[in-house]
Amino acid sequence: MQLGLFTRAETTVNLLVNNFTNTVKRASYPVLAKIQNDEDSLKLMYRKLIKNTFLIFSSLILGLASTAESFVLILLGEKWLECVPYIQLLCFIGYFMPLTIFNLNAINVKGQSKLYLKLQIFHKIINVPAIFIAYYFGIIEMLLTMILVSFIYYLVNSAYSNKLIKYNMKERFIDILPFVFVSIFVNLIVYQFNNFDLH
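Sequence order sets the numbering: in each chain, residues are counted from 1 along the sequence as written. For a predicted model such as this one, the threshold for reporting local features is a pLDDT of at least 70, and the threshold for listing and counting side-chain atom pairs is 80 or more; totals across whole chains, interfaces and linings nevertheless cover every residue. Hydrogens and waters are ignored; side-chain quantities use all the structure's heavy atoms.

A. How the structure looks around the overall build of the protein. Secondary structure follows DSSP: runs of H or I at least 4 residues long count as helices, runs of E at least 2 residues long count as strands, and numbering of each begins at the N terminus. Counting its secondary structure elements, the protein contains 9 helices and 0 strands. Start at the N end of the protein and walk to the C end: the helices and strands fall as α-α-α-α-α-α-α-α-α. Taking the principal axes of its C-alpha atoms as reference, the protein extends roughly 55 × 35 × 25 Å. Note on exposure labels: buried denotes an accessible area under 20% of the residue type's maximum, exposed denotes more than 50%, and partly exposed covers the range between, all computed with a 1.4 Å probe on protein chains only. Per-residue burial over the protein gives 42% buried out of 199 residues. Here the contacts in the protein between residues at least 6 apart in sequence split such that 78% fall between residues at least 24 apart. Of the roughly 11200 Å² of accessible surface on the protein, 67% is carried by carbon and sulfur atoms. Mean positive and mean negative side-chain charge positions of the protein (17 and 11 charges, respectively) differ by 14 Å. Any two residues whose heavy atoms approach within 4.5 Å at even a single point are treated as in contact. Here the accessible surface of atoms and residues is derived via Shrake-Rupley with a 1.4 Å probe, and residues count as covered only by protein chains that are part of the display. His residues and chain termini do not enter the charge count, which takes Lys and Arg as positive and Asp and Glu as negative. A charged residue contributes its charge at one atom only: NZ of Lys, CZ of Arg, CG of Asp or CD of Glu.

Set out below in structure tokens:
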């Protein structure tokens, strides 16, 4: 039963995350590739893409998390309500995905295919503990672990892309934090109204 709920939640969230990140990946790579040898222009465009993309994605993914209960009731039916916590946690796992995609695109644009492959292998390795946690403790604990893993993976690939495009972590957080705070604030309000209407 729990596995079925998790699978339904994962399918729901992946529909948003995968479609969005695949679009970002396809659209940003050729733009960055054209200016790969101009470091100043590359960094400027990279920052512009991140800010514009994260503004949209942050609102969408947190919007799904804050309205998950209504979403499930309307589109999936009452029998799937137990998957709401899974949907919400999966949203936070996918939260940094577009930023990770930008980092990996920057690494590819700079011709670092071996580094790209190493980072992909690293991602699979650090996900292994989540599998054991799921087996011994449960799905919620696994998802909480995967949130931490996704953030660690973002920090690691950011560190490598920083060396290639000179875009340090301080600059990254300055660029995205305003959108994070605004999205959280707005969706907390949405969440409160949503719960008030439902209960």
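Back to the write-up after that little detour.
B. The pattern of salt bridges, seen in detail. Put simply, a salt bridge is a Lys or Arg side-chain nitrogen that is within 4 Å of an Asp or Glu carboxyl oxygen. Counted under the stated rule, the structure contains 3 salt bridges. With a shortest N-O distance of 3.6 Å, glutamate 171 and arginine 47 are connected by a salt bridge. Here arginine 47 lies in helix α2 (residues 39-66) and glutamate 171 lies in helix α9 (residues 169-198), a separation of 124 residues in the sequence. On the basis of relative accessible area, arginine 47 is assigned to the partly exposed category, the value being 22%. Between aspartate 175 and arginine 47 there is a salt bridge, with its nearest N and O atoms 2.8 Å apart. Of the two residues, aspartate 175 is situated in helix α9 and arginine 47 in helix α2; the sequence distance between them amounts to 128 residues. By relative accessible area, which is 6% here, aspartate 175 ends up buried.

C. Just the packing of aromatic side chains, in detail. Any two of the Phe, Tyr and Trp rings considered here, Trp counted by its six-membered ring, make a pair once their centres fall within 6.5 Å; the pair's planes then place it as stacked at under 30 degrees, edge-to-face at over 60, or tilted in between. Within the structure shown, the criterion is met by 9 aromatic pairs. Centroid distance phenylalanine 6 to tyrosine 86: 6.5 Å. Interplanar angle 70°. Geometry classified as edge-to-face. Here phenylalanine 6, found in helix α1 (residues 2-34), pairs with tyrosine 86, found in helix α4 (residues 84-93); they are 80 residues apart in sequence, far enough to count as distant. Take phenylalanine 6: its relative accessible area is 12%, and that puts it in the buried class. Judged by its relative accessible area of 4%, tyrosine 86 falls in the buried class. Taken together, a centroid distance of 5.4 Å and an interplanar angle of 55° make the contact between phenylalanine 96 and phenylalanine 151 tilted. You can see phenylalanine 96 sitting in the loop between α4 and α5 (97-109) and its partner phenylalanine 151 sitting in helix α8 (residues 139-165), a full 55 residues away along the chain. Three or more aromatic residues joined by ring pairs form one cluster here, namely Phe54, Tyr95, Phe96, Phe151 and Tyr154. When the ring centre of tryptophan 80 is taken as origin, the NZ or CZ atom of arginine 8, which lies over that ring, is 4.8 Å away. Either the NZ atom of lysine or the CZ atom of arginine qualifies as a charge over a ring when it sits within 6 Å of the ring centre and within 35 degrees of the ring normal.

D. Focus on α1. For α1, built from 33 residues, the straight-helix expectation of 48 Å at 1.5 Å per residue is met to within 8% by its first-to-last C-alpha distance of 47 Å. Two axes define the bend at a residue: one fitted to the seven residues ending there, one fitted to the seven starting there, and the bend is the angle between them. Where α1 bends most, at asparagine 14, the angle is about 35°. Among the residues of α1, those classed as buried are Leu5, Phe6, Ala9, Thr12, Val13, Val17, Phe20, Thr21, Val24, Ser28 and Leu32. Those residues of α1 that are buried are in contact with α2, α3 (68-76), α4, α5 and α8. A helix is expected to reach a length of 1.5 Å times the quantity of its residues less one.

E. Broad picture of the environment of phenylalanine 20. Within the element layout of this structure, phenylalanine 20 appears in helix α1. Relative accessible area serves as the criterion here: at 17%, phenylalanine 20 is assigned to the buried category. Setting aside chain neighbours within four positions, we find phenylalanine 20 in contact with Thr53, Ile56, Phe57, Leu60 and Pro98.

F. Layout of unusual backbone geometry. Of note in the backbone geometry, lysine 166 takes a positive phi value of approximately 55° without being a glycine. In this structure, lysine 166 sits in the loop between α8 and α9.

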